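Fold and geometry: a report
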Amino acid sequence: MSKKIVIFDTTLRDGEQAPGASLSAQEKLEVAHQLVRLGVDVIEAGFPISSLGDFDSVEQIARKVKGATICGLARSLNKDIEAAANALKPAKRKRIHVFLATSKIHMKYKLKKAESEILKIAESAVKYARKFSADVQFSPEDASRTERDFLYRVIERVIKAGATTVNIPDTVGFAQPDEFGGLIQAIINNVPNVNKAVIAVHCHNDLGLAVANSLAAIHSGAGQVECTINGIGERAGNAALEEIVLSMRTRKDHFENIYTDINTKEIYKTSRLVSKLTGFVVAPNKAIVGGNAFRHESGIHQDGVLKKRQTYEIISPEDVGFYGEGLVLGKHSGRHALSQRLEQIGFKLNKVQLQNAFIRFKELADKKKEVFEEDLMSIVEEQMKDVPEVWSLVGLDFCGGIGVEPKATLWLKKSEKIFKKTSSGDGPVDACYKAIEKITGIKAKLLDYSIQAITRGKDALGEVNVKLKINQEEIVARAASTDIIEASAKAYLKGINMVLFKAKKAKLIRL
Ligand code: KIV
Ligand code: ZN
């Protein structure tokens, strides 16, 4: 009989703990909806006690997102468990995830508690969580560095107390695949009541082994795997969902009789969404979702692929929702063709969004001979973001060069009025940003800036990601254009518009 591996996604909790990856409640909701389309079983939406913002965001996801179990994290403290229970109240299916460190180093230095105390705290935390939810997960933090016999005792005790899932974290990414697989096997062999709970794994990537360790654990009998989109997470990150799922799917001969409910065709879109909202650019050589994952450069490889695709391709790009760099549409394509192509790649736009996307598409097709799928995605993502353009860019002129002072003149529109300012700066981008500041009167600190070509060729769209700090708020924004200075200005303006929109929603200002 086939066994289902439960996919527990922690992009919104552990993933969001990655330095610099903070998401707004609205963005988390958007990701949660996409995770449901992707088919994950459990969404760890946040750590409700950690901040009011986290509490509200878990509550909102619990209220609005249907189709997956919504989970909230809690330390083994009553106040944490209550916060998680309250935030999860509206969820149709909910899970409380309690954790407590069990390794010697954590017990001695961090918790300053003896084994006997840890056992009692873990037991009573699980019992308390069970008062609020029938689905309770317990994690012995730093399990891979915990004394084996003590770990077995902890697991037995929490299962007896009512834990329905016991998660084995490799918290510091210390384990090696054969060792970690062996640990899961040993737990299954040595914990007497182990069959009363699902054994899960949660691996970090400090040594680059998170996916390998997770797969070794699945091979040894783990029933749930915890992972994040694009592998984002604390320090070097968590195990990447797309890599784990595609390994199991591609190597059915190795992972016999197991399956997941993931709709792999949603992988690429989910990866892009998370990248866009966090501002974490996916490395070109990243497995499954990197820009080069399906590119064949060497002549021998290209020849092989043309003769038989499987010579050098073990996954077909369409299976992960990536339709390659094939020519999608050209200058003469009409609205109907655009809408059909967009539907094919999974975007359903309303009339207004389609009209705006069509205008952008025509502008782009005029500049670029060929419009690829990635270009279309970038255009559509812009249209789907429901942030009104308070300030829009209507004109841009810049100059610079060796020995020439960089200067930019910008024309911005607000409520049908055009404003123009010129500024110099350290480079054309800096000059643009200074001119924007002069016009809008909004001071933004540029925390991060990156640029990437979406497709190849001299006429490729350049996609700029910026992270801004405006007042106390950090905002990530992205914009694309064939002109990188224009993309830079648009991304910056988008960040400003996002802050203004949020402030308006919070009734702090009138736009
Ligand atoms: O890495 C870890 O140990 C965790 C736990 C809270 C599961 O994230
Ligand atoms: Zn973790």
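Residues numbered from 1 in each chain as written. Chains lettered and ligands numbered in written order. Predicted model: local features only at pLDDT ≥ 70, side-chain atom pairs only at ≥ 80, totals over all residues. Heavy atoms only, no water.

**Overview of the domain arrangement of the chain**
For the chain, the domain assignment lists domain 1 (3-278), domain 2 (323-383) and domain 3 (392-505). A C-alpha centroid distance of 24 Å is found between domain 2 and domain 3. (Domains from an automatic or database assignment.)

**Let's talk about the pattern of salt bridges**
In a structure, side chains of opposite charge can pair up when their charged atoms sit close to one another. For the coordinates displayed, the defined rule picks out 32 salt bridges. A salt bridge links arginine 309 to glutamate 313, with the nearest nitrogen and oxygen atoms 2.8 Å apart. Overall, the relative accessible area of 34% leaves arginine 309 in the partly exposed class. With relative accessibility at 10%, the residue glutamate 313 sits in the buried group. (Salt bridge = Lys/Arg side-chain N within 4 Å of Asp/Glu carboxyl O. Buried < 20%, exposed > 50% of the residue type's maximum accessible area, 1.4 Å probe, protein only.)

**Regarding the sheet that holds strand E15 (residues 462-470)**
Strand order across the open sheet formed by three strands is E14-E15-E16, with antiparallel pairing between neighbours. Edge positions in the open sheet fall to strand E14 (444-453) and strand E16 (473-481), since each of these has one partner strand only. The mean angle between the axes of side-by-side strands here comes to 15°, regardless of whether they run parallel or antiparallel. Sheet topology note: the E15/E16 ladder contains nine bridges and is antiparallel. Pairing of valine 464 across the sheet is with alanine 479, part of E16. (Pairing = 2+ DSSP bridges. Helix = DSSP H or I, 4+ residues; strand = E, 2+ residues; numbered from the N terminus. Axes fitted to C-alpha atoms, helices over the stretch in contact; angles between N-to-C directions.)

**Section: the site of ligand 1**
Contacts to ligand 1 come from Arg13, Asp14, His97, Phe99, Ser139, Glu141, Asn167, Pro169, Thr171, His202 and His204. At 3.0 Å, a side-chain N or O of arginine 13 approaches an oxygen atom of ligand 1. At a separation of 2.7 Å, an oxygen atom of ligand 1 approaches a polar side-chain atom of threonine 171. Going through the elements one at a time, strand E5 (94-101), strand E6 (136-141) and strand E7 (165-170) are the ones with two or more residues in the shell around ligand 1. When grouped by side-chain class, the residues that make up the shell around ligand 1 number two nonpolar, six polar and three charged. (Near = heavy atom within 4 Å. Polar contact = N/O pair within 3.5 Å; in protein donor to acceptor, adjacent residues only side chain to side chain. Nonpolar A, V, L, I, M, F, W, Y, C, P; charged D, E, K, R; others polar.)

**With respect to the nonpolar core**
Core analysis: the biggest nonpolar cluster contains 114 residues, and Ile168 and Ile187 have the highest contact counts within it. Ignoring sequence-local partners within four residues, the contact set of isoleucine 187 consists of Leu151, Tyr152, Ile155, Ile168, Val194 and Ile199. Counting 32 residues, the second largest nonpolar core, distinct from the first, contains Ala408, Val429, Ala479 and Tyr492. (Core = buried A, V, L, I, M, F, W, Y, C linked by side-chain atoms within 4.5 Å. Contact = heavy atoms within 4.5 Å.)

**Here's the deal with the coordination of the zinc ion (ligand 2)**
Only Asp14 (OD), His202 (NE2) and His204 (NE2) from the protein reach the zinc ion (ligand 2) as donors, at distances of 2.0 to 2.1 Å. Each donor residue of the zinc ion (ligand 2) lies on the same chain, and together they follow the pattern D-x187-H-x1-H. For histidine 204, a relative accessible area of 4% corresponds to the buried category. (Donors = N, O, S within 2.8 Å, 3.2 Å for Na, K, Ca; no water.)

**Concerning the packing of helix H8 (residues 210-219) against helix H9 (residues 241-250)**
One way to put it is that H8 packs onto H9 with a least axis distance of 10 Å and a crossing angle of 45°. The angle between the axes of H8 and H9 places the two elements in the oblique class. Considering the relative orientation of H8 and H9, their crossing is right-handed. Facing Val211, Ser214, Leu215 and Ile218 of H8, the residues of H9 in contact are Glu243, Ile244, Ser247 and Met248. Split into classes, the residues belonging to the contact of H8 with H9 amount to five nonpolar, two polar and one charged. (Parallel < 35°, antiparallel > 145°, perpendicular 65-115°, else oblique. Left-handed = near helix turned anticlockwise from the far one by under 90°.)

**Overview of the sheet that holds strand E3 (residues 42-46)**
Read around the barrel, eight strands follow the order E2-E3-E4-E5-E6-E7-E8-E9 and close on themselves; strand pairing throughout is parallel. Here the strands of the sheet are splayed against their neighbours by 25° on average, with no regard to which way each runs. Against the sheet, H8 contacts E7, strand E8 (198-203) and strand E9 (224-227), and its axis sits at roughly 165° relative to E8.

**Brief notes about helix H2 (residues 52-64)**
Here H2 is 13 residues long and its end C-alpha atoms lie 18 Å apart, about the 18 Å a rise of 1.5 Å per residue gives. Along H2, the residues classified as buried are Asp54, Ser57, Val58, Gln60, Ile61 and Ala62. Of the surrounding secondary structure, the elements contacted by the buried residues of H2 are helix H1 (25-38), E3, strand E4 (69-75) and helix H3 (78-88). (Expected span 1.5 Å × (residues − 1).)

**Description of the pairing of E3**
Where burial is concerned, most of E3 is hidden: five out of the five residues are buried. Looking at chain direction, strand E2 (residues 6-9) and E3 are connected through two bridges and run parallel. Counted as the bridge partner of aspartate 9 is isoleucine 43 from E3. When E3 meets E4, the two strands line up parallel, connected through four bridges. Residue pairing across strands places glutamate 44 opposite cysteine 71, the latter belonging to E4. A crossover links E3 with its parallel partner E4, the connecting element being H2, and its sense is right-handed. (Right-handed = clockwise from strand over helix to strand, strands pointing away.)

**Points about unusual backbone geometry**
One non-glycine residue with positive phi stands out, namely aspartate 142, at about 60°. Within the fold, aspartate 142 resides in the loop between E6 and helix H6 (148-161). Of the residues examined, aspartate 142 reaches a relative accessible area of 0% and is grouped as buried. Although it is not a glycine, asparagine 471 adopts a positive phi angle of roughly 55°.

**Here's the deal with the packing of H2 against H3**
Helix packing for two helices is described by the angle between their axes and how far apart those axes are. One can describe the packing of H2 onto H3 by two numbers: an axis separation of 7 Å at closest approach and a directional angle of 40°. It follows that H2 is oblique to H3 by the angle criterion. For the pair formed by H2 and H3, the contact residues are Phe55, Val58, Glu59 and Ala62 on the first element and Ala83, Asn86, Ala87 and Leu88 on the second.

**Notes on the packing of aromatic side chains**
Following the criterion strictly, the structure yields seven aromatic pairs and no others. Ring geometry for tyrosine 128 and phenylalanine 132: centres 5.2 Å apart, planes at 85°, overall edge-to-face. Overall, the relative accessible area of 17% leaves tyrosine 128 in the buried class. The class for phenylalanine 132 is partly exposed, based on a relative accessible area of 33%. With centroids separated by 4.7 Å and ring planes inclined at 75°, the aromatic side chains of tyrosine 268 and phenylalanine 322 adopt a geometry described as edge-to-face. With tyrosine 268 in helix H10 (residues 267-278) and phenylalanine 322 in the loop between helix H11 (299-307) and helix H12 (335-344), the pair connects residues that are 54 residues apart, well separated along the chain. Taken as a pair, tyrosine 268 and phenylalanine 322 share a single burial class, namely buried. What links up through ring pairs into an aromatic cluster is the set Tyr268, Phe294 and Phe322. (Phe/Tyr/Trp six-rings, centres within 6.5 Å; stacked < 30°, edge-to-face > 60°.)

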